[in-house]
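Next come the chains, spelled out residue by residue.
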Amino acid sequence: PAAAMLSRLLKEHQARQSERRELQGEPRPFSLRPHGDRPRLAILIGLEGHGSQRGHTPLAGGAVHQEGGVAQAYVNQRKLDHEVKTLQVQAAQFAKQTGQWITMVENFNQALKEIGDVENWARSIEMDMRTIATALEYVYKGQLQ
């Protein structure tokens, strides 16, 4: 049950993140969407930093702008790392809280069992007392006659 709940929380988080990205118009990490008239392909093939000019890499006879793409990938990775850490902390807190709830429910069940035991004990004592009272009444009436 806890694993299913964590899985559900992760899926909900991913869905919210996807919606947020769509609303803000953020590109997906490492997409091949054009950046102006220059593709961002250099990021995918690992050519960043090999060009003659800063922020540009020669590819197929033209310059590919990748400085912004690399920076955005770095920012996205940092955000993802932060979100992973946050989720790990939240999952640990949730696991701890769940453990506390389980302990509380187990203690509550034990208390209910004890209450039931006390009720049964009280009924047993009551029946014994009625039996004794009936016997004493019978003996008392026998002495009067």
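Please read these numbers as outputs of a predicted model, since none were measured by experiment.

Remarks on helix α1 (residues 2-24)
- With 23 residues, α1 extends 33 Å from end C-alpha to end C-alpha; this agrees with the ideal 33 Å at 1.5 Å per step.
- A positive backbone phi angle near 70° is found at Gly25, which sits one or two residues after α1.

Quick look at the confidence of the model for the chain
- Chain-level pLDDT for the chain is 76 on average; 70% of the residues reach the 70-or-more range.
- The secondary-structure element of the chain with the lowest mean pLDDT is helix α2 (residues 41-45), recorded at 44, while helix α3 (residues 67-144) shows the highest, at 90.
- Contacts for the low-pLDDT stretch residues 31-64, under 50 throughout, to residues beyond four places or in other chains number 55 contacts.

Observations concerning the pattern of salt bridges
- Following the criterion strictly, the structure yields four salt bridges and no others.
- Close ionic contact of Arg8 with Glu12 constitutes a salt bridge, the shortest N to O distance being 2.8 Å. Taken together, the residues Arg8 and Glu12, both in helix α1 and four residues apart, mark about one turn of the helix.
- The exposure class assigned to Arg8 is partly exposed, which follows from its relative accessible area of 41%.
- Here Glu12 falls in the partly exposed class, since its relative accessible area comes to 32%.
- In this structure, Arg123 and Glu119 form a salt bridge, with 3.6 Å as the shortest nitrogen-oxygen distance. Residue Arg123 and its partner Glu119 are located together in helix α3, separated by four residues, close to a single helical turn.

Section: the side chain of His13
- Take His13: it is sitting in helix α1.
- With relative accessibility at 16%, the residue His13 sits in the buried group.
- When neighbours within four sequence positions are excluded, His13 is seen to be in contact with Glu83 and Leu87.

A few points about the side chain of Glu83
- The residue Glu83 is located in helix α3 in this model.
- Of note is the side chain of Glu83, whose polar atom sits 2.7 Å from the side chain of Gln17.
- Discounting residues that sit within four places of it in the chain, Glu83 has contacts with His13, Gln17 and Arg20.

Quick notes on the layout of surface pockets
- In this structure, the largest pocket spans a volume of roughly 270 Å³.
- Along its surface, the largest pocket is lined by 13 residues, and Leu9, Leu10, His13, Leu87 and Gln90 are the ones closest to its centre.
- Those elements that provide at least two residues to the lining of the largest pocket are α1 and α3.
- The biggest single contributor to the lining of the largest pocket is α1, with seven residues.
- Considering only residue class, the lining of the largest pocket consists of six nonpolar, four polar and three charged.

About the thresholds
- Residues numbered from 1 in each chain as written.
- Predicted model: local features only at pLDDT ≥ 70, side-chain atom pairs only at ≥ 80, totals over all residues.
- Heavy atoms only, no water.
- Helix = DSSP H or I, 4+ residues; strand = E, 2+ residues; numbered from the N terminus.
- Expected span 1.5 Å × (residues − 1).
- pLDDT = per-residue confidence, 0-100.
- Contact = heavy atoms within 4.5 Å.
- Salt bridge = Lys/Arg side-chain N within 4 Å of Asp/Glu carboxyl O.
- Buried < 20%, exposed > 50% of the residue type's maximum accessible area, 1.4 Å probe, protein only.
- Polar contact = N/O pair within 3.5 Å; in protein donor to acceptor, adjacent residues only side chain to side chain.
- 1 Å grid on protein atoms, 1.4 Å probe; cavity = no way out; pocket = protein on both sides within 12 Å on 5 of 7 lines; lining within 4 Å.
- Points joined across faces, edges and corners; volume = space filled by probe spheres on them.
- Nonpolar A, V, L, I, M, F, W, Y, C, P; charged D, E, K, R; others polar.

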